[in-house]
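# Architecture at a glance
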Amino acid sequence: MGAANRPFANLALALRLARRELRGGLKGFWIFLACLTLGVAAIASVQSVSSGLLDGLASDGRSILGGDVAFRQLYTPPTDEQKAALAEGGRVSNSAEMRAMARADDEVRASLVELKAVDGVYPLYGALTLRGGGDFKAALAKRDGRWGAVVEASLVDRLGVKLGDPVHLGDSVYRLAGILDREPDRASSNAFSLGPRLLVALESLPETGLLQPGSLTWWSAKVALPDGTDRLAWQEGVKARFPDAAWRIRDFTNASPQIERFIDRMTLFLTLVGLTALLVGGVGVGNAVRSHLDSRARTIAMMKCIGAPGALVFQLYLAQILALALVGILFGLALGAVAPLALGKLLEDVLPVSAHIGVYPGALALAALYGVLTALTFSLWPLGRAREVPAGALFRDVIAPAQGRPKAPYLAAMGLSALALAGLAVATADNTLFALWFVGGSIATFGAFRAAAGLVTWGAAKIGRVRRPGLRLALANLHRPGNPTAAVVLSLGLGLTVLVAIALVQGNFARRVSETIPKDAPSFFFVDIQRDQFEPLKSTVTGVPGTSAFEAVPSLRGRVESVNGVEAEKALANPEQAWILAGDRGITYAAKLPERSQVVAGSWWAEDYAGPPLISIHQSVAEAFNIGPGAKLAVNILGRTIEATVANVRAADFSSMAINFTMVFAPGALEGAPQTWIATVRSTPEAEEAVQRAVLHRFPNITLVRVKDALDTVGDMLSHIGTAVRIVAGITLIAGTLVLAGAVAAGHRRRVYDAVVLKVLGATRADVLRAFLLEYGLLGLLTAIIAGAIGTLTAWAVMRFLMRWEWTFLPSAVLTTALLSTAITLAFGFYGTWRALGQPSAPLLRNE
């Protein structure tokens, strides 16, 4: 059997030849290495940090939860019998959390706070530390007739107070006794905070007057079990002893599901961003391989002329590519192992979890596998093509590139490699559906840009000869053999598309918040209004000049227990609406259809309805469980389960910030339950301070939320998220820029040849520079137009179908992208052309 029929017979020879060629250095492969290094480092860093955070979450679970097991319930504390039962299991720490208003001594400066009252046993695990040191329990103790309070530093700034100053909370006056540095179990509380933390002694809480019937107060009992206790069996025993208890039980193995979900989603998002950078870099890998094989065309042709089989050529250059890919991957893994040292410290300031920084072999292996598959996927086409092209065609390749494609086995291998890359992204993702959308979107985007690049090349060829020589040369270079059009449009366009989409989505959201919401939104929300305070509050608020549109409704909290007799978790049909089961939801009752609501299925009940419980649900609830009118919904409210029939499904615009609820009961079911009211009012900017002062002075138990402050808090959060997303998109743009640099470098030899010929024919340096810059300017502008169109389409789809908001086109975002794209391509084009113009003519002409 001949060597040509034995593909691996000459493998040793191929490896030896590959090693000899690599002795000549890495010229032409620096972009190849940079692209792989960047993508692999991004994935390795994200996976390592995620592993460290999840390890920290698991090992510090007791400190994060505040105990081995935590019992948490709304409105009422555990009964004496329940407390005694928990105490039989181990040490118990009780606490209460609620939102309240803290005020300075002048009664003018006030701030919404996240209030937490703790007992003398707290914390069971971990340590609460104060800025500058000091004993936490001593800080909360009563001295000179005043209890102590510990606050976050931001509250000191808001109230303009200092240590030792009085701080008003409800009917009580506390002594500011310390500045909070770290609270070990903060992650087990509400993940979204509207105000800074304020801690007081649990014993002092009744004196504040904040504990009113129906007040939105979360009571927690955290238990430290003795060593050797069967934790699960003990929990089951407590459940069996108190089957009707309203508490939710969580143990340290699931200390903070919100943080864990956030880490998983952050890992997924950033890994896919790293993969995007790697895919963009893959274009650079393919360009580098093609350029290298083009530069070796004569060598390959000579080898084939003297009898070298195609398999030997393929093995030779595949070995080179894999060796270089290994170098790039090792560089990326080294960076990925070091970067978590900085990223972990940065995230510790954001997340209440200490990252266990270390080397995670699984994370590094995953990143390396991504790198290998990317290198193979984008290298097999040019390698397979070089293996099949006849020797004569290789000699002509510079002026008449062969259009042959690899044989079926190489195409199959490339397809399998791409499929493995997509499968790896989906298999390792926490959210399979999101990963599938990413894979599908990546394929569609690559196809769109490749088609756009082909359209640009075809259009440049069809324009024909134009009168201006510089423009004619620029257009010819867009469609000439070996043109960089496809590489530039695909690589730079992907990064720019992400930037356009992000800028448009963020711009639309900011416009919605700054322009639409403030016009329709109330100025204040009032929470925890007692029944007997409703009329006095209304007269107080409406008595302030400049106020209007006072609205109030009763408010309760409850959670969905079952749907049509099936447990809610099992009945969930749409995982995207799982937030409905994440905690207790707001509930009210009403005789009339709420304003800004519309019945889309079923019908509203009569105002004088008196019969079995009926309920109106928002569209999101109907979509979550795939139900409609006639369905049975069981809701647990204050430990009592009420089964109601769905009377109708409503559509409501929650973005208007008017009072609205996902679930509204018909009259007759909830009037006797402990409840509070919530109210809203609009006021002129000049009247806001007077409203705040009047309400806090007369009703210290009522929590007042200034909408502008809440929007500022949300705006700051979105600003941070937007900045992070832009940084992440920048990684993709960097990868695209690297590929652009590679495309310029790959065409350097041709640029030198063109420049020398043009100079010999009489063109001046300025003429050549102007023609080449015009080519790159056109390429950058066309890329920006394509990226702007695809990015705009993406942003429109996100706003209309994902967020379901109105869409507004913002030309400034696209214009900025166009300028950025043109500037980047011109900069690289100028650099490449300047280098080409600096080459002497005689040596090149003698060689040619």
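Please refer to the structure placed before this passage.
Residues numbered from 1 in each chain as written. Predicted model: local features only at pLDDT ≥ 70, side-chain atom pairs only at ≥ 80, totals over all residues. Heavy atoms only, no water.

## Describing the pattern of salt bridges
Evaluation of the coordinates by the stated rule reveals 12 salt bridges. Here Arg-693 and Glu-689 are joined by a salt bridge, their closest N and O atoms 2.7 Å apart. Of the two residues, Arg-693 and Glu-689 both sit in helix 20 (residues 688-698), four residues apart, roughly one turn of that helix. When salt bridges that share partners are traced, they join Arg-72, Glu-97, Lys-116, Glu-183, Asp-185, Arg-197 and Lys-222 into one network. (Salt bridge = Lys/Arg side-chain N within 4 Å of Asp/Glu carboxyl O. Helix = DSSP H or I, 4+ residues; strand = E, 2+ residues; numbered from the N terminus.)

## Considering the packing of aromatic side chains
Under the definition given, this model contains 10 aromatic pairs. When the centroid spacing of 6.1 Å and the interplanar angle of 65 degrees are considered together, the rings of Tyr-122 and Phe-136 count as edge-to-face. Here the residue Tyr-122 occupies a position in the loop between strand 3 (110-118) and strand 4 (129-130), and Phe-136 occupies one in helix 5 (residues 136-140), the gap between them amounting to 14 residues. Both residues of the pair, Tyr-122 and Phe-136, belong to the buried class. Aromatic pair Phe-242 and Trp-247: ring centres 5.9 Å apart, planes at 80 degrees, arrangement edge-to-face. Judged by its relative accessible area of 7%, Trp-247 falls in the buried class. Members of the aromatic cluster, joined through ring pairs, are Phe-71, Trp-234, Phe-242 and Trp-247. (Phe/Tyr/Trp six-rings, centres within 6.5 Å; stacked < 30°, edge-to-face > 60°. Buried < 20%, exposed > 50% of the residue type's maximum accessible area, 1.4 Å probe, protein only.)

## Quick notes on a nonpolar patch on the surface
Together, Val-338, Leu-341 and Ile-357 give the surface a local cluster of nonpolar side chains, amounting to about 260 Å² of exposed area. Tracing the chain through its elements places Ile-357 in the loop between helix 10 (310-348) and helix 11 (361-388). (Patch = residues over 30% accessible without salt bridge, like charges linked within 9 Å, V, L, I, M, F, W, Y side chains within 5 Å. Areas by Shrake-Rupley, 256 points an atom, 1.4 Å probe, with all protein chains shown as cover.)

## What to know about a positive patch on the surface
A cluster of basic residues, Arg-16, Arg-19, Arg-20 and Arg-23, forms a positive patch on the protein surface. Positionally, Arg-16 belongs in helix 1 (residues 11-22). (Lys, Arg positive; Asp, Glu negative; His and termini not counted. Charge placed at Lys NZ, Arg CZ, Asp CG, Glu CD.)

## Considering helix 14 (residues 432-463)
The terminal C-alpha atoms of helix 14, which comprises 32 residues, lie 46 Å apart, in line with the 46 Å expected from a rise of 1.5 Å per residue. When helix 14 is considered as a whole, its buried residues turn out to be Ala-435, Phe-438, Val-439, Ser-442, Phe-446, Phe-449, Ala-452, Ala-453, Val-456 and Ala-460. In the stretch just after helix 14, Gly-464 is the one whose phi turns positive, near 85 degrees. (Expected span 1.5 Å × (residues − 1).)

## So, empty space enclosed by the protein
For the structure on display, the rule yields three cavities of 30 Å³ or more. Taken together, 15 residues line the largest cavity, and the ones lying closest to its centre are Leu-74, Ala-246, Arg-559, Asp-584 and Leu-638. Elements with a contribution of two residues or more to the lining of the largest cavity: strand 1 (69-74), strand 12 (547-563) and strand 17 (632-637). Tallied by class, the residues present in the lining of the largest cavity amount to six nonpolar, four polar and five charged. (1 Å grid on protein atoms, 1.4 Å probe; cavity = no way out; pocket = protein on both sides within 12 Å on 5 of 7 lines; lining within 4 Å. Points joined across faces, edges and corners; volume = space filled by probe spheres on them. Nonpolar A, V, L, I, M, F, W, Y, C, P; charged D, E, K, R; others polar.)

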